[in-house]
Amino acid sequence: MSSDRKLGFDTLQIHAGAKPDPATGARQVPIYQTTAYVFRDAEHAARLFNLEEVGYIYSRLTNPTVMALAERVAALEGGAGAVCCSSGHAAQIMALFPLMAPGRNIVASTRLYGGTITQFSQTIRRFGWSAKFVDFDDPAAIEAAIDSDTRALFCETIANPGGVITDLDAVSAIADRMGLPLIVDNTTATPWLCRPIEHGATLVVHSATKYLTGNGTVTGGVIVDSGKFDWSASDKFPSLSQPEPAYHGLVFHKALGPMAYTFHSIAVGLRDLGMTMNPQGAHYTLMGIETLSLRMARHVENAQKVAAWLEQDPRVEFVSYAGLPSSPWHGRVARICPKGAGALFTFAVKGGYDACVALVDALQLFSHVANLGDTRSLVIHSASTTHRQLTPEQQVAAGAAPNVVRISIGIEDADDLIADLDQALAKATA
Ligand SMILES: *Cc1c(COP(=O)(O)O)cnc(C)c1O
């Protein structure tokens, strides 16, 4: 193979980051279940600790199984480097960590995963960080919210639970103009449907718990760095552009260029926050990712069929799915995620809150769980569960109004899913 030939997505999802094991020739990536790694000699150990040589020291920092996954996700997203974390929420804290300090803020979309809204509106305040939530369909509102303490913009590609597609091109144009990094949570789209870096994102975060693993077996997270942001263009990011006191004064951006953010996240972030992915978890996600494109194609095909069926049903008030022409966000599909609008959407049941709860109880094939992106179809009533901590106004803004049910369409036979919804709607609206 000539080295200038770029490998396709389906090839990368199987091969990127993996090579036959140097010790045994094992073809599959082994689970390196080890805490530490023997140094060749004292000189080798010193070079590793100085980041003069890349190698393994201790599995809180790096582990070969986990690194294989990081390289694979970086390749699929088109990034320079990636860091795996213990969960999607850990990835979000880790993504912000090199950028933030007490008194700093982020400007985030109102349309986010419920747990992310809680993390950003409540928990990060304990660190002295804060978030300002604005409608990311309103560029003027984003710009108005940015102040001299803002250090990042944050949004989701396809916002859970409303299936809303963010205009990443418009948002990244603002981030560029303001000299700020754009962080995009690409969990619900996956790099098969959208590669946010190609739309100007600086960092991409994932809950690997969802489609990347794909079968509901692990919690994990990943941060991918585009390697494109100039951390030294302003004095806003001293952890990367100035001597880092937490790493014997190393100037990460000067020393490591496009890999500065990734190395900082490992050498300082994982070292001191310890939100590390374990090698077993990385192994499951590596297994899942091998079939990502095949699964996503079926997820999207099924979602399109189920959404169209629900929309014509008189028991359903409306369906919020960008794959349908009725969606206000349908026009963005061709530009942002041309292979499909994902497989996660909401619909409103006539009969409101009570009918939604009855529908969830009557479904048989759909599992009632707080999860998404499984091979199995899943259902949840967000207002009474994942978005319960939010105020009614926040629920509506997040697309989780009380009369709305969220479904994550799996890769079963679409006709079976429709039959299950049909019988459950009959019971719920009787
Ligand atoms: C699940 C999810 C998260 C959080 O990930 P965990 O792995 O559960 O910590 C963040 N963002 C989105 C869009 C999610 O679906």
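Residues numbered from 1 in each chain as written. Predicted model: local features only at pLDDT ≥ 70, side-chain atom pairs only at ≥ 80, totals over all residues. Heavy atoms only, no water.

Identification of the protein chain as O-acetylhomoserine sulfhydrylase from Cereibacter sphaeroides is taken from an unreviewed UniProt entry. Taken from UniProt, the Cofactor (unreviewed entry) comment for the protein chain reads in full: "pyridoxal 5'-phosphate". (UniProt positions renumbered as here; feature names shortened; annotations may be inferred.)

**Student:** What's the story with the UniProt feature "modified residue: N6-(pyridoxal phosphate)lysine" (unreviewed entry) in the protein chain in this structure? I'm lost.
**Tutor:** The positions UniProt marks with the feature "modified residue: N6-(pyridoxal phosphate)lysine" (unreviewed entry) are Lys210. Using a relative accessible area of 8% as the deciding quantity, one classes Lys210 as buried. Filtering out sequence-adjacent residues up to four positions away, Lys210 remains in contact with Tyr113, Thr187, Asn371, Leu372 and Gly373. (Buried < 20%, exposed > 50% of the residue type's maximum accessible area, 1.4 Å probe, protein only. Contact = heavy atoms within 4.5 Å.)

**Student:** Looking at this structure, how should I read the packing of helix 13 (residues 292–311) against helix 17 (residues 414–428)?
**Tutor:** Helix-helix packing is described using two parameters, namely the angle between the two axes and the distance between the axes. It is the contact of helix 13 with helix 17, at a shortest axis distance of 10 Å, that shows an interaxial angle of 30°. Relative to helix 17, helix 13 is oriented roughly parallel. Note that helix 13 runs across helix 17; the crossing there is right-handed. Side by side, helix 13 and helix 17 meet where Asn302, Lys305, Val306, Trp309 and Leu310 of the first sit next to Ala414, Leu417, Ile418, Leu421, Asp422 and Leu425 of the second. Of the residues belonging to the contact of helix 13 with helix 17, the class tally is eight nonpolar, one polar and two charged. (Axes fitted to C-alpha atoms, helices over the stretch in contact; angles between N-to-C directions. Helix = DSSP H or I, 4+ residues; strand = E, 2+ residues; numbered from the N terminus. Parallel < 35°, antiparallel > 145°, perpendicular 65-115°, else oblique. Left-handed = near helix turned anticlockwise from the far one by under 90°. Nonpolar A, V, L, I, M, F, W, Y, C, P; charged D, E, K, R; others polar.)

**Student:** Can you walk me through the sheet that holds strand 11 (residues 344–349) in this structure?
**Tutor:** In sheet architecture, strand pairing relies on hydrogen bonds along the backbone and comes in two forms, parallel and antiparallel. In spatial order, the strands read 10-11-14-13-12; together these five strands make up an open sheet with mixed pairing. One side of each edge strand has no neighbouring strand; the edge strands of this open sheet are strand 10 (316–320) and strand 12 (367–368). Strands in contact with helix 13 are strand 10, strand 11 and strand 14 (404–408); relative to strand 11, the strand with the most contacts, it is inclined by about 15°. (Pairing = 2+ DSSP bridges.)

**Student:** Looking at this structure, I do not really get the site of the ligand. What am I missing?
**Tutor:** Around the ligand sit 15 residues in total, of which Gly88, Asp185, Ser207, Thr209 and Lys210 are the nearest. Within the contact set of the ligand, an oxygen atom lies 2.8 Å away from a backbone nitrogen or oxygen of Gly88. The side chain of Ser207 places a nitrogen or oxygen atom 2.8 Å from an oxygen atom of the ligand. Notes on the ligand: free accessible area 380 Å², of which the protein chains cover 93%. Counting residues per element, the shell around the ligand draws most heavily on helix 4 (residues 88–96), which supplies three residues. (Near = heavy atom within 4 Å. Polar contact = N/O pair within 3.5 Å; in protein donor to acceptor, adjacent residues only side chain to side chain. Areas by Shrake-Rupley, 256 points an atom, 1.4 Å probe, with all protein chains shown as cover.)

**Student:** Looking at this structure, I do not really get the pattern of salt bridges. What am I missing?
**Tutor:** Any two side chains of opposite charge can pair, given that their charged atoms come close. Scanning the entire structure with this criterion turns up 17 salt bridges. Ionic pairing is found between Arg40 and Glu53, a salt bridge with its closest N-O pair at 3.2 Å. Of this pair, Arg40 sits in the loop between helix 1 (9–15) and helix 2 (42–49) while Glu53 sits in the loop between helix 2 and helix 3 (64–77), and the two are 13 residues apart along the sequence. In this structure Glu53 comes out as partly exposed when scored by relative accessible area, which is 22%. A cluster of three or more residues bridged by salt bridges with shared partners is formed by Arg40, Arg47, Glu52 and Glu53. (Salt bridge = Lys/Arg side-chain N within 4 Å of Asp/Glu carboxyl O.)

**Student:** Please explain the domain arrangement of the protein chain as it appears in this structure.
**Tutor:** Interfaces are often described in size by the accessible area the parts lose on coming together. Segmentation of the protein chain into domains returns domain 1 (9–99 + 181–288) and domain 2 (293–428). Each of domain 1 and domain 2 was reduced to a C-alpha centroid, and the two centroids are 32 Å apart. Buried surface at the junction of domain 1 and domain 2, summed over both partners, amounts to about 1,600 Å²; 58% is from carbon and sulfur atoms. Contact with domain 2 buries area across many residues of domain 1, yet Trp192, Leu193 and Tyr211 alone supply 48% of it, more than any other trio. Run the count over domain 1 and domain 2 and you get eight residue pairs in polar contact (both at pLDDT 80 or more). Put simply, the parts of the chain that give the side of domain 1 that touches domain 2 at least two residues each are helix 1 and helix 8 (190–193). The residue makeup of the side of domain 1 that touches domain 2, split by class, is seven nonpolar, 10 polar and two charged. (Domains from an automatic or database assignment. Buried area = accessible area lost by both parts, 1.4 Å probe.)

**Student:** Would you mind showing me how to read the sheet that holds strand 2 (residues 105–109) here?
**Tutor:** Reading across the sheet, the seven strands line up as 1-9-8-7-4-2-3 and stay open at both edges, with mixed pairing between neighbours. For this open sheet the edge positions go to strand 1 (81–85) and strand 3 (130–134), each flanked by a neighbour on one side alone. Between one strand axis and the next, the sheet turns through 20° on average, direction left out of account. Examined bridge by bridge, strand 4 (residues 150–156) and strand 7 (residues 182–185) share four bridges and lie parallel to one another. Each bridged residue has a counterpart across the sheet, and for Cys155 the counterpart in strand 7 is Val184. Contacting strand 1, strand 8 (203–207) and strand 9 (221–225), helix 3 crosses the sheet at an angle of about 130° to strand 1.

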